[in-house]
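Reading the structure
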Amino acid sequence: MTWWQNEQGVAAPAGHVLETTAPVPAPRSGGEPDLIVAAQDGDAQAAHRLGKLFAQRGDRTAARHWWERAAAAGNVDSAYNLGVWHEKHGTLEEAVRWYELAAGTGDAEAAVNLATLLLESRGDVDAARGWFESAARAGSRQAARRLALICEDAGELPVAREWHRRAAADGDVASAHDLGFLSYQAGEEEETVRCWEYASRGGHADAAYHLGLYLQATRDPEGAESCFRLAAKSEHPGAASQLGGIALSHRDLRTARAWFERAAQAGRVEDQRMAGFVCVELSDSQGASHWFGRAAASGDAESAFNFGLLLIAELGDLEGGQHWFRQAATAGHHRAAVELGGLLSATGNTQEAEKWLADPPPPTWDRLAEPELAARAELAAAATGRRGGARLRVRDLTEILGTWDLLTRPPRDHTDVVVWLVERSGMRPSAVEHLASVRATIVRPGTAPWPTPSEIEHVLATARELRGRLCAR
């Protein structure tokens, strides 16, 4: 298909009239008068070529005139160009009419443009889907991807996978990445790996990152690190964070700081906090103050607490420390409430001190999960958050997996973990069974649909109660 090369703006025609009333000039270069004669005699190809010549000169009104004559005589390329002309000028009904004429002859490019216009301007999903399918069956990679996304939104996941597979086979790395997630959700991990490897080689940073998480979840730390490094070359903040954690596990503090700061610069609060912790380890109080302060200003309670500690320990700033302790305690930070109570008591403010000391917020989960569990949690959160879905929170999933791991580690001679936990805790079997089921779905995708946010909230409460009953013994 052709379109004008000169993209300088011109005034849109007033209304939807197809005929031009002003006289149309003839091209001036050699041989072109013959085109005028042929076009006026009904030669559709000559009229189409004249439209192209005028479009290249920036005379879009003349181009439209000759394309209308060519399209009326059956030239499909001119019908397509008229669709583009009217779409650019905002006369969408005419654009639809001309695209339909071209698409009706089997023109895949016209069908894609028509489907996109119907979907984005009219919200007509059914009609758009039909034209995308027509174009996809004619070999359009773009149409196959758009059709796959429509099927995903409709909940038709097996069909969506097939269209993503077609687009990916034709070189679409975004569809390869999406197909990897749909395969992961279905429990087909071999295809997941193939898709993410393919997309990673094509430069898709998210695919490299998610492949790294998968390899981490399957206990291949070397492979995971390699993928994270590949994603980090494209400035992927999550990959930088993972590499910071890897460096920290090796006690390479300076490298860890560099990676965490790269992730922190992207606005990731958890990495701002980690950069602060590493700066403390490096005895860089100024750097720690900077990162804790940024994260605390974004509402991170743990950073606010540590910022308060830093202000008191390094600067003797009791007022500043008290301010940030109060911010953290108000956000539910247990240790901040206790420290604030002690500080207020020491400064004679006993009434407020008693309030915080008598009823501090309950301690939150601060145990580090095993790397493979943290990776499964992040993959599940990413999978549920695709296409506008209700994304589950990584920290909630990590707490669920970490709690189960903590409570089921002791040696035992039984085979039914649920029965064992019920007997030890005295909790209802149905609650523990629900926790076990959700945990299994997160760790082994494809065994059941992803849990809903309300399910996670319910299961999280069960995990905390179970932990409270068993860990207190």
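In this convention, every chain numbers its residues from 1, walking through the sequence in written order. This being a predicted model, a pLDDT of at least 70 is required before a residue's local features are given, and a value of 80 or more before pairs of side-chain atoms are given or counted; all residues contribute to the totals for chains, interfaces and linings. Water and hydrogen atoms play no part in the side-chain values, which are based on all heavy atoms of the structure.

With that settled, the discussion passes to the overall build of the protein. Comment: elements are numbered from the N terminus, with helices defined as DSSP H or I runs of at least four residues and strands as E runs of at least two. Tallying secondary structure elements over the protein gives 26 helices and zero strands in all. By the burial criterion, 47% of the 473 residues in the protein qualify as buried. Residue contacts follow a heavy-atom distance rule, with two residues in contact if any of their heavy atoms lie within 4.5 Å. Put simply, 52% of the contacts in the protein that link residues at least 6 apart link residues at least 24 apart. Three exposure classes are used, based on accessible area relative to the maximum for each residue type with a 1.4 Å probe and protein chains only: buried under 20%, partly exposed in between, and exposed over 50%.

Every axis corresponds to a line fitted to the C-alpha atoms, with the helix fit spanning only the stretch in contact, and the corresponding angles, defined between N-to-C directions, vary from 0 to 180 degrees. For the pair helix α25 (residues 429-443) and helix α26 (residues 453-471), the least separation of the axes is 9 Å and the interaxial angle reads 115 degrees. In the crossing of α25 with α26, the sense of the turn from one axis to the other is left-handed. Residues A431, H434, L435 and V438 of α25 form the contact with α26, whose participating residues are E455, I456, H458, V459, T462, A463 and L466. Its residues assigned to classes, the contact of α25 with α26 comprises seven nonpolar, three polar and one charged. The sense of a crossing depends on the near helix, which, turned anticlockwise from the far helix by less than a right angle, makes the crossing left-handed and, turned clockwise, makes it right-handed. Note that Gly is not counted as nonpolar here; it falls among the polar residues with everything else outside the nonpolar set of Ala, Val, Leu, Ile, Met, Phe, Trp, Tyr, Cys and Pro and the charged set of Asp, Glu, Lys and Arg.

One can find D271 in helix α16 (residues 269-281). Put simply, D271 and F260 are eleven residues apart on the chain and 5.5 Å apart in space, counted from C-alpha to C-alpha.

Our focus in this paragraph is the packing of aromatic side chains. Put simply, two rings from Phe, Tyr or Trp (the six-membered ring, in Trp's case) pair if the centres are within 6.5 Å, and we call them stacked under 30 degrees between planes, edge-to-face over 60, tilted for the rest. In the structure shown here, the tally under the stated rule is eight aromatic pairs. A centroid spacing of 5.3 Å and a plane angle of 75 degrees characterise the contact between F277 and F292, whose relative ring orientation is edge-to-face. One end of the pair, F277, is in helix α16; the other, F292, is in helix α17 (residues 285-297), with 15 residues separating them in the sequence. You can call F292 buried: its relative accessible area is 1%. Clustering of aromatic rings is evident, with ring pairs tying together F181, Y184, W196 and W450. For R57, the ring lying beneath its charged end belongs to F54, and the centroid distance is 6.0 Å. Ring-over charges, as used throughout, are those where CZ of Arg or NZ of Lys falls within 6 Å of the ring centre and within 35 degrees of the ring normal. Of note, R97 hangs over the ring of W98, and the distance from its end group to the ring centre comes to 4.6 Å.

Let us now look at α25. End to end, α25 covers 21 Å across 15 residues, agreeing with the expected 21 Å (1.5 Å per residue, within 8%). Along α25, the residues classified as buried are A431, V432, L435, A436, V438, A440, T441, I442 and V443. Where α25 is buried, its residues contact α10 (173-185), α22 (371-384), α23 (394-407), α24 (417-425) and α26. What a helix is expected to span follows from its residue count: subtract one and scale by 1.5 Å.

Structurally, S175 is set in helix α10. Once you skip the residues sitting within four places of it in the chain, S175 turns out to touch R145, H164, A167 and A168.

Right, let's get into the confidence of the model for the protein. Known as pLDDT, the predictor's per-residue confidence is scaled from 0 to 100. The predicted model of the protein averages 89 in pLDDT, with 90% of residues at 70 or higher. Overall, residues 1-30 carries pLDDT values under 50, and its contacts beyond four positions in sequence, including any with other chains, amount to 66 contacts.

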